[in-house]
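Chain by chain, the residues:
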Amino acid sequence: MAVGHCRGQLLTVMVLVMQTDAPFWDSLVFDGIEDVNVEAVTAAFGTVEVMARGRAVGAACPDCGRFSDRVHDRYQRRLKDLPLAEQGFVIRLTVQRFICGVADCPCRTFAEPFSRLAAPHARFTTRLNHALEQVGLALAGRAGARLAAQLGFGAGRMTLLRRVMALPDPRFSTPRVLGVDDFAIRRGQTYSTVLTSVEDHRVVDVLPTPQDALTSVAFATALVCRRSARE
């Protein structure tokens, strides 16, 4: 327990040091991740922190693939994770940086990888990042940020939008039945054409001019369904 004074008032700060039951925390936090050792667990101010470090004796250089066990230095990463029992959850991970022994390798030093826990240079764990992606895809910015706050994720709207923008574009097969529909950008003056896949109800493309849309897609699909907004 630490005791101090703040603006003349007695302020008591309690930090709970929880028992480090390695099998319990390994199964709870690092399930399926075998290259991490839990050293200590603390709880304070509504946040649970797990102190951990990598257990690897060496790693392969990401550029040349040469194995190295020469340690250059160590540094600490702070990874925000999914909440635990309505408490914030943070992993403080001590990472080793190794020296590549190949003279002509452009990578002089490299960090031990934790690909299943978090991406390189990321501040969120992989599972929290996946949860933010799902919230962002479902609700986008402001609405997603409100839901993330209720879930205890603590992510702003721009964080959610960056997660969505970083996702790869989905891959679709060429539509077999194509719907062609005109719509008015400015009624009576400006029209465009939207192309949709009739079978799986998705937008394929939006064409700026409707005149050549039908002839440009008729040879690419087995069947074309046409509807005009001016009919």
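Thresholds applied
- Residues numbered from 1 in each chain as written.
- Predicted model: local features only at pLDDT ≥ 70, side-chain atom pairs only at ≥ 80, totals over all residues.
- Heavy atoms only, no water.
- Helix = DSSP H or I, 4+ residues; strand = E, 2+ residues; numbered from the N terminus.
- Contact = heavy atoms within 4.5 Å.
- Pairing = 2+ DSSP bridges.
- Expected span 1.5 Å × (residues − 1).
- Buried < 20%, exposed > 50% of the residue type's maximum accessible area, 1.4 Å probe, protein only.
- Arc of directions from axis to C-beta.
- Core = buried A, V, L, I, M, F, W, Y, C linked by side-chain atoms within 4.5 Å.
- Polar contact = N/O pair within 3.5 Å; in protein donor to acceptor, adjacent residues only side chain to side chain.
- Patch = residues over 30% accessible without salt bridge, like charges linked within 9 Å, V, L, I, M, F, W, Y side chains within 5 Å.
- Areas by Shrake-Rupley, 256 points an atom, 1.4 Å probe, with all protein chains shown as cover.
- Salt bridge = Lys/Arg side-chain N within 4 Å of Asp/Glu carboxyl O.
- Phe/Tyr/Trp six-rings, centres within 6.5 Å; stacked < 30°, edge-to-face > 60°.
- Lys NZ or Arg CZ within 6 Å of the ring centre and 35° of its normal.

Peer 1: Where do I start with the overall build of the protein in this structure?
Peer 2: When you go through the protein residue by residue, the secondary structure sums to five helices and 14 strands. Sequence-distant contacts in the protein: of pairs separated by 6 or more residues, those separated by 24 or more amount to 47%.

Peer 1: Explanation requested: the pairing of strand S13 (residues 202–207) in the structure shown.
Peer 2: A regular strand places its side chains on the two faces of the sheet in alternate fashion. In this sheet, S13 lies alongside strand S12 (residues 190–197) in antiparallel orientation, the contact comprising five bridges. Residue pairing for S13: Thr193 is matched across the bridge by Leu207. Taking the residues between adjacent antiparallel strands as the criterion, S12 and S13 are bridged by four residues, where His201 takes a positive phi near 55 degrees.

Peer 1: How do you make sense of helix H2 (residues 126–139) when you look at a structure like this?
Peer 2: Between the first and last C-alpha of H2 there are 20 Å, a value that for 14 residues agrees with the 20 Å anticipated at 1.5 Å per step. For H2, the complete set of buried residues consists of Leu128, Ala131, Leu132, Glu133, Val135 and Gly136. The secondary structure elements touched by the buried residues of H2 are strand S8 (71–84), helix H3 (142–151) and helix H4 (157–166). In the stretch just after H2, Ala140 is the one whose phi turns positive, near 65 degrees.

Peer 1: Mind showing me how you'd approach H4 here?
Peer 2: Think of an α-helix as turning once every 3.6 residues; residues three or four places apart then point the same way. Buried residues of H4: Thr159, Leu160 and Arg163, and no others. For H4, the arc enclosing every buried residue in end-on projection is 100 degrees, short of the 170-degree limit, so these residues lie on one face. In this structure, the buried side of H4 is in contact with H2 and H3.

Peer 1: Whenever I open this one, the nonpolar core confuses me. Can you help?
Peer 2: Side chains of a nonpolar character, in soluble globular proteins, are inclined to be buried together. Ranked by internal contacts, the top residues of the largest apolar core, which has 19 residues, are Trp25, Phe30, Ile91, Leu93 and Leu117. Among the secondary structure elements, those contributing two or more residues to this core are strand S4 (36–44), strand S5 (47–54) and strand S9 (87–99). Ranked by size, the runner-up nonpolar core spans 10 residues in total, among them Phe124, Leu128, Ala131 and Phe153.

Peer 1: Sorry, what's going on with the side chain of Arg202 here?
Peer 2: Relative to the assigned elements, Arg202 resides in strand S13. For Arg202, the side chain forms a polar contact with the side chain of Asp200, separated by 3.0 Å.

Peer 1: Explanation requested: a nonpolar patch on the surface in the structure shown.
Peer 2: There is a patch of nonpolar side chains on the surface, built from Phe183, Ile185, Val203 and Val206 and spanning about 360 Å² of accessible area. Those elements giving two or more residues to the nonpolar patch turn out to be strand S11 (177–186) and S13.

Peer 1: Got a minute to help me understand the packing of aromatic side chains in this structure?
Peer 2: How two aromatic rings sit relative to each other is set out by the distance from centre to centre and by the angle between their planes. Following the criterion strictly, the structure yields one aromatic pair and no others. Aromatic pair Phe98 and Phe110: ring centres 6.0 Å apart, planes at 40 degrees, arrangement tilted. Here Phe98, found in strand S9, pairs with Phe110, found in strand S10 (residues 109–111); they are 12 residues apart in sequence, far enough to count as distant. According to the relative accessible area criterion, Phe98 is buried, its value standing at 0%. Exposure remark for Phe110: the relative accessible area of 4% places this residue in the buried category. Seen from the ring of Phe124, Arg123 lies directly overhead, with NZ or CZ sitting 5.7 Å from the centre.

Peer 1: Please clarify how the side chain of Glu49 should be interpreted in this entry.
Peer 2: Summarising the element assignment, Glu49 is placed in strand S5. What makes Glu49 buried here is its relative accessible area of 16%. Polar side-chain contacts of Glu49 include one of 2.9 Å to the side chain of Arg92. Other than its neighbours up to four places away in sequence, Glu49 contacts Ala40, Val41, Thr42, Val90 and Arg92.

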